[in-house]
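An overview of the molecular structure
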Amino acid sequence: MMSASSLITFDLALQAVAAAAWIGAGVLALRGRPSWWALAPALALTVARAGSVALLWGQGWWFAQEKVTVTLPLALAAAVIAVVFRRSGAGALTAGYAALTGLGVTFLSGYPATPSVGLIAVAIVAGAGLVTWQAVGGSPLRSLGIGTAVAGLAGIGLAFLPPSAYDFGGGPDAHMHGMTMAGASAPAGGTVRRYTLTARKATITLPSGRRFQAWTFDGTAPGPAITATVGDTVEVTLRNADIEPGVTLHWHGYDVPNAEDGVPGLTQKAVPPGGSFVYRFTADQAGTYWYHTHEVSDEGVRLGLYGTFVVTPRPAAGVDLTVPAHTFGGELVTGAAPPAAPPGTPVRLRLVNTDSVTRRFALAGTPYKIIAVDGRDLHGPGTVTGASLRLPAGGRYDLAFTMPAGPVALYADGRPTAVRFGRGLPPYQDAPDLDLTTYGTAEATPFGLRSRFDRRFTLVLDRGLALVDGIPQYAQTVNGLGYPRIPAQVVREGDLVMFTVVNRSLDTHPWHLHGHHVLVLSKDGRAPTGAPLWLDTFEVRPGEVWQVGFRADNPGMWMNHCHNLAHADQGMMLHLMYAPDMP
Ligand code: C2O
Ligand code: CU
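1. Here we look at the overall build of the protein
- If you tally the helices and strands in the protein, you get eight helices and 30 strands.
- Against the compact-globule benchmark of 25 Å for 583 residues, the protein has a radius of gyration of 27 Å, which places it among compact chains.
- In the protein, which comprises 583 residues, the proportion classed as buried is 53%.
- If you take every contact in the protein between residues at least 6 apart in sequence, the share linking residues at least 24 apart comes to 75%.
- When the 41 positive and 40 negative side-chain charges of the protein are each reduced to one mean point, those points stand 7 Å apart.

2. Examining the packing of aromatic side chains
- Applying the stated criterion across every chain, the model contains 24 aromatic pairs.
- Arranged with centres 5.5 Å apart and planes meeting at 65 degrees, the rings of tryptophan 251 and phenylalanine 309 form a pair that is edge-to-face. Residue tryptophan 251 is located in strand E6 (residues 250-252), and its partner phenylalanine 309 is located in strand E9 (residues 306-312); the two are separated by 58 residues in the primary sequence.
- Seen from their ring centres, phenylalanine 447 and tryptophan 534 are 5.8 Å apart, and the 90 degrees between their planes marks the pair as edge-to-face. A residue pair is termed long-range when its members are at least 10 positions apart, and phenylalanine 447 in the loop between strand E19 (415-421) and strand E20 (455-468) and tryptophan 534 in strand E26 (residues 534-535) qualify at 87 residues.
- Residue classification places tryptophan 534 among the partly exposed residues on the basis of a relative accessible area of 24%.
- Cluster of aromatic residues (ring-pair linked, three or more members): Phe217, Trp251, Tyr254, Phe277, Tyr279, Phe281, Tyr289, Tyr291 and Phe309.

3. Section: the side chain of threonine 327
- Of note, threonine 327 is situated in strand E10 (residues 319-328).
- According to the relative accessible area criterion, threonine 327 is buried, its value standing at 19%.
- Here aspartate 355 takes part through its side chain, which lies 2.5 Å from a polar atom of the side chain of threonine 327.
- Side chain to side chain, threonine 327 and arginine 359 meet in a polar contact 2.9 Å long.
- In contact with threonine 327, not counting residues within four places along its chain, are Arg302, Leu332, Asp355 and Arg359.

4. What to know about the sheet that holds E26
- Here we have six strands laid out as an open sheet, ordered E21-E20-E23-E28-E25-E26, and mixed in their pairing. Among the strands making up the open sheet, the edge pair consists of strand E21 (471-478) and E26.
- Pairing of E20 with E21 involves eight bridges; the strand directions are antiparallel. Following the sheet pairing, leucine 467 is matched in E21 by proline 472.
- In the packing of helix H3 (residues 61-84) onto the sheet, the strands contacted are E20, strand E23 (496-503) and strand E28 (545-551), and the crossing angle to E23 comes to about 60 degrees.
- Contacts from helix H4 (residues 89-108) reach E20 and E21, with the element oriented near 115 degrees to E20.

5. What to know about the sheet that holds strand E12 (residues 346-353)
- Across the sheet, which stays open at both edges, the six strands sit in the order E11-E10-E12-E17-E14-E15 with mixed pairing between neighbours. Every interior strand has two partners, whereas the edge strands, strand E11 (331-333) and strand E15 (376-377), have only one.
- Here strand E14 (residues 369-373) pairs with strand E17 (residues 396-402) via four bridges, running antiparallel. What sits directly across from lysine 369, in E17, is alanine 400.

6. Considerations on the pattern of salt bridges
- Scanning all chains against the criterion turns up 25 salt bridges.
- Residue glutamate 235 pairs with arginine 280 through a salt bridge whose shortest N-O separation is 3.2 Å. Of this pair, glutamate 235 sits in strand E5 (residues 233-240) while arginine 280 sits in strand E7 (residues 276-282), and the two are 45 residues apart along the sequence.
- Glutamate 235 sits in the buried class, given a relative accessible area of 14%.
- Of the charged contacts, one joins arginine 396 and aspartate 374 as a salt bridge, the two residues approaching to 3.6 Å between their closest N and O atoms. Taken together, the positions of arginine 396 in strand E17 and aspartate 374 in the loop between E14 and E15 put the pair 22 residues apart, joining distant regions of the chain.
- By relative accessible area, which is 2% here, aspartate 374 ends up buried.
- Among the charged side chains, a salt-bridge network with shared partners connects Asp11, Arg49, Glu66, Lys67, Asp462 and Arg504.

7. Quick notes on the coordination of the copper ion (ligand 2)
- His509 (ND1), Cys562 (SG) and His567 (ND1) make up the full set of protein donors to the copper ion (ligand 2), lying at 2.0 Å.
- Counting the intervening residues between successive donors of the copper ion (ligand 2) yields the motif H-x52-C-x4-H. Taken together, the positions of histidine 509 in strand E24 (residues 509-513) and histidine 567 in helix H8 (residues 565-569) put the pair 58 residues apart, joining distant regions of the chain.
- The exposure class assigned to histidine 509 is buried, which follows from its relative accessible area of 0%.
- A relative accessible area of 8% places histidine 567 in the buried class.

8. Describing the domain arrangement of the protein
- Assigned domains of the protein: these are domain 1 (4-159), domain 2 (183-315), domain 3 (319-434) and domain 4 (445-578).
- For domain 1 versus domain 2, the separation of C-alpha centres amounts to 53 Å.

9. Examining the nonpolar core
- With 58 residues, the main nonpolar core has Leu349, Ile370, Phe421 and Phe499 as its most contacted residues.
- At four residues, E10 tops the list of elements feeding residues into this core.
- For this core, the domains that each give at least three residues are domain 3 (319-434) and domain 4 (445-578).
- Once you skip the residues sitting within four places of it in the chain, phenylalanine 499 turns out to touch Phe457, Leu459, Gln489, Leu513, Trp546, Gln547, Val548, Phe550, Asn560 and Leu576.

Basis of the calculations
- For every chain, the first residue of the written sequence is number 1, and numbering continues from 1 along that sequence.
- Chains carry letters and ligands carry numbers; both start at the beginning, A for chains and 1 for ligands, and go up in the order they are written.
- A pLDDT threshold of at least 70 governs which residues receive local features in this predicted model, and a stricter bar of 80 or more applies before side-chain atom pairs are shown or counted, although totals over entire chains, interfaces and linings include all residues.
- Neither water nor hydrogens contribute to the side-chain values; these are computed over all heavy atoms in the structure.
- Here a strand is any run of E in DSSP of at least two residues, a helix any run of H or I of at least four, and the numbering for each starts at the N terminus.
- In this treatment the radius of gyration is a C-alpha quantity, and the globule benchmark scales as 2.2 Å times the residue count to the 0.38 power.
- Categorising residues by exposure relies on relative accessible area from a 1.4 Å probe, with only protein chains included: less than 20% of the type maximum marks a residue as buried, more than 50% marks it as exposed, and the intermediate range marks it as partly exposed.
- We call two residues in contact whenever any of their non-hydrogen atoms come within 4.5 Å of each other.
- His is not counted, nor are the chain ends, whereas Lys and Arg count as positive and Asp and Glu as negative.
- Here the site of a charge means NZ on Lys, CZ on Arg, CG on Asp, or CD on Glu.
- What counts as a ring pair is set by centres within 6.5 Å for rings of Phe, Tyr and Trp (its six-membered ring), and what kind of pair is set by the plane angle: stacked under 30 degrees, edge-to-face over 60, tilted for all other angles.
- Pairing of N or O atoms within 3.5 Å defines a polar contact, subject to two protein rules: one partner must be a possible hydrogen donor and the other a possible acceptor, and residues neighboring in sequence count only if both atoms are side-chain atoms.
- For two strands to count as paired, DSSP must find a minimum of two bridges between them.
- Whenever a helix is involved, its axis is fitted only over the stretch in contact; in every case the axis is a line through C-alpha atoms, and angles between N-to-C directions fall within 0 to 180 degrees.
- Definition used for salt bridges: Asp or Glu carboxyl oxygen within 4 Å of a side-chain nitrogen of Lys or Arg.
- Each metal's donors are the N, O and S atoms found within 2.8 Å of it, except that Na, K and Ca use a 3.2 Å limit; water is left out, so coordination can look incomplete.
- Where each domain begins and ends follows an automated or database-derived domain assignment.
- By convention a nonpolar core is built from buried Ala, Val, Leu, Ile, Met, Phe, Trp, Tyr and Cys residues, the set being connected through side-chain atoms within 4.5 Å.

See below:
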């Protein structure tokens, strides 16, 4: 059984080979040597595509839609023309154009195929076919030519229709004037944890001794570690010294009131050089989180505007080490070196992936448990030995072990990191990836795959031609569109919401919804059998389909985006917003 991603590649390859075969047959015919020997393979490849498209359809309609409605019918129709007019090379060449256009439709447009795309594709193939027909001495087919031009123009015209601004996810519409925003800061309580972070450029020295021109908080990257005990009030004053594009603090994974979320243009203005902003919220969730700028976040985070944020229920016993893994100019840095841990010491490692790509971690030298993911404790975690842990961009794993007599070391992508305990280096062995959906033990959840969802949204992730901030780009798209043209998802407070996230592309997309943790309902059609997974960032790999659910319980206007921040920059970003209450 081929996976969806290999089927996607297989179908593209079939199409490319079919195009070459048709064009070869056409050229032979033009040279006066039309033959079934040349036509037959091209024909066979085209018919075989019906099979590969059917298989893709079997993986989900999103993977096959534009092929079923546009490119395969076009390819089959052109193949019939090629057979009928096999003496003139124009027929086979037209079939070649159809195959190439099919590739173009998939690469540039993808899901959903619109009438506009269908008309343009037909016009391209018919137009090129007619031109070829006349060039090889065929009689002019004026009315067909006019029809083709009309179809093409209509298709282009339709492409200019603006997409709708809102997606109600199948739930009731709302009058979208005004919006529910949680404006006020959370009330204070407990101890107030005050921090002041100043964003400024600085040259930092990496562990290798290399110097790096960073953007920092307080001159260090990562910035100061922020910690609190559950119940405290966290109050952070952000100042900007000299970061020209501006800076904000987003509390990644921390479900803060909307006004504290640090999204420029949505919850606040970016803090300009010389400016400041105060964030205040209650530390009401324990766990491992991080903060980062959300203004020009791709560049800003990459250059160092991030730090860790850890909330504990009570002072920890033993060693509790936060390990933010970040790449500075190709060098992976894992933060401060661990303190000494004599045998018998309980150790907790809080792994944070602050890069934009997945890291594979392995802990060598000891069995361990994954006790929390994305700040949420896992139910009944089992003992892990020698597995690899894929940590998505933005995600966190908390590992726990008891220090053994021998050494323990954390490896990242097969290389030892600075996180080492004891003397010497335990050897690394590449091991299969741990499947979190089968890890730990199941327990009851407030809702599940079979619950009645008030709204269901589908997000098909791909690449394609789209406007991003008004500029046409080969963008990272959601449902064929780029930011800010992707319709905002509208929910009402209290709704039970499902996202179906489909990755049609050949890239990995770590999906991140602000302000909420989502429960994984299924991955590729299978419900998790292990501990319930409440995530704020989940890794959707090529060809995967994830269904996640959440209760809309944190009103406001939230970002919903890919945490490969370069992808977000290239358009893979939208809003989820709470509709105001109906009068
Ligand atoms: Cu950590 Cu909108 O991001
Ligand atoms: Cu992405």
